[in-house]
Amino acid sequence: MKTPVSVVIESVGAYIPPKVLSNADLEKIVDTSDQWIFGRTGIRERRIVAEGMSTSDMAIEAALSCLASSKVPAAEIDLIIVASASPDYAFPSTACIVQHAILARTAAAFDMEIGCTGFIYALATGAQFISAGVYRNVMVIGAETLSRFVDWTDRNTCVLFGDGAGAALLTQGPAGEGILAFHLGADGSQWNLLSLPAGMARLPASEQTLKKGLHYIHMEGRAVFKFAVKAMDVSLKALLDKLGKTAGDIDLLIPHQANSRIIDSACQRFNIPREKIMMNIDKYGNTSSASIAIALYEAYSEGRIKKGDLVVLVGFGAGLSWGSLAIRW
Ligand SMILES: CC(C)(COP(=O)(O)OP(=O)(O)OC[C@H]1O[C@@H](n2cnc3c(N)ncnc32)[C@H](O)[C@@H]1OP(=O)(O)O)[C@@H](O)C(=O)NCCC(=O)NCCS
């Protein structure tokens, strides 16, 4: 029998747009306050992509940052997966644009659209190609330009989201290291709690859709909040069961950065102390598919991940969807 190939994270990278939009800036745009936003979400500021730049530009920068600290050259990347809910175009895929720009000429390329759970789904997918022995090196990117899809007059949503990109290069590794297990889930019956209704096949852009603001993010905040707490719970538990581990074995938990209260509530249930949780929501807000990728990059860059650590990623989002993934670093 063929021994399954281990899949490790070779390197990580990110692109953070330099433009900061603080809660104080938002106070000038909508009827809100730093006290409300920080108190309800843990967000102090978020980043906004520069005019003229878009999702692929940030994805390219994140990929280049990832390659800069990697032994694998772009020419040896076999597959590029971009997770994004805000791709440049309906088609072509953003991954194809990245492939061209980073000179990964022999790489296959496709996008995945699973809302904020996208990066976890994409890591799990990329890992399958490697463990099956089909590919050696897979670049996984989470990239979002959500600032172009929020209604800047709607205080319920515009305070929450931000732009950015993160990347991880997957490759073959020694047995016992790398991605140990993952858990993915979805509940399509609740798809309408979080959506971008217009601009595609169901509701093509028209004067009506523009007037009704249907090309902006629509969200039932309270219902999504409840779902998110439960999804983190279910997904973490399923993952720990698969691993035969307890929450106490986790060295660093990197959750999707949507709301610090969602993270706190789930972590309290598992009794995971604050110092074992990566949080950067205060600086970036919710960057959807990019959030875990950026947090992973920052945690690694800050020296919070050591060799041998059990690192667990967990996320949830539109779909509704959820997922978790464990890595022995
Ligand atoms: C959006 C969210 C922060 C709102 O917090 P909440 O405690 O549920 O607040 P509610 O929506 O019940 O609103 C409470 C009040 O605050 C008001 N409010 C909403 N946004 C506000 C803002 N930015 N500033 C000030 N007040 C605001 C509401 O209008 C409401 O006022 P009312 O009671 O007079 O009607 C919270 O529901 C949330 O985080 N949900 C999950 C969102 C998420 O994670 N989405 C992405 C998933 S990947």
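Scroll up to find the structure.
1. Side note on the overall build of the protein
Helices and strands together make up the secondary structure of the protein, namely eleven helices and 13 strands. Rg of the C-alpha trace for the protein: 19 Å, near the compact-globule value of 20 Å for 329 residues, within the 12% margin. Taking the principal axes of the C-alpha coordinates as reference, the protein spans close to 60 × 45 × 35 Å. Here the protein holds 329 residues, and the buried ones make up 50% of them.

2. Looking at the nonpolar core
Counting 108 residues, the largest nonpolar core has Ala62, Ala63, Ile80, Val98, Ile141, Ala167 and Ala168 as the members making the most contacts within it. Setting aside its immediate chain neighbours within four residues, Ala62 contacts Gly13, Ala14, Tyr15, Ile141, Ala143, Ala165, Gly166 and Ala167.

3. Section: the site of the ligand
Inspection of the region around the ligand gives 19 residues, with Thr32, Cys116, Gly221, Phe225 and Ala258 positioned closest. Counting only elements with at least two residues in the shell around the ligand, the list comes to α2 (34-41), α6 (155-158) and α8 (221-243). Among the elements that line the shell around the ligand, the one with the most residues is α8, at five residues. The residue inventory of the shell around the ligand, partitioned by class, reads nine nonpolar, seven polar and three charged. The residue makeup of the shell around the ligand includes at least three contributed by each of domain 1 (6-176) and domain 2 (180-328).

4. Let's talk about the sheet that holds strand β7 (residues 163-173)
Judged by pairing direction, the sheet is mixed, and its five strands sit side by side in the order β1-β7-β6-β4-β5 without closing on themselves. Looking at which strands have only one partner, the edges of the open sheet turn out to be β1 (6-15) and β5 (108-112). On average, each strand axis in the sheet is inclined to that of its neighbour by 20°, with strand direction left out of account. Looking at chain direction, strand β4 (residues 79-83) and β5 are connected through five bridges and run parallel. In the strand pairing of β5, Ile81 is matched with Phe110. Its contacts with the sheet put helix α5 (residues 118-131) on β1, β4, β5, β6 (138-145) and β7, and the angle it makes with β4 is roughly 165°.

Scoring rules and cut-offs
- Residues numbered from 1 in each chain as written.
- Predicted model: local features only at pLDDT ≥ 70, side-chain atom pairs only at ≥ 80, totals over all residues.
- Helix = DSSP H or I, 4+ residues; strand = E, 2+ residues; numbered from the N terminus.
- Rg over C-alpha atoms; globule rule 2.2 N^0.38 Å.
- Buried ≥ 20, exposed ≤ 12 C-beta atoms within 10 Å, placed from the backbone.
- Core = buried A, V, L, I, M, F, W, Y, C linked by C-beta atoms within 7 Å.
- Contact = placed C-beta atoms within 7 Å.
- Near = placed C-beta within 6 Å.
- Nonpolar A, V, L, I, M, F, W, Y, C, P; charged D, E, K, R; others polar.
- Domains from an automatic or database assignment.
- Pairing = 2+ DSSP bridges.
- Axes fitted to C-alpha atoms, helices over the stretch in contact; angles between N-to-C directions.

None of this, on its own, says anything about what the molecule does.
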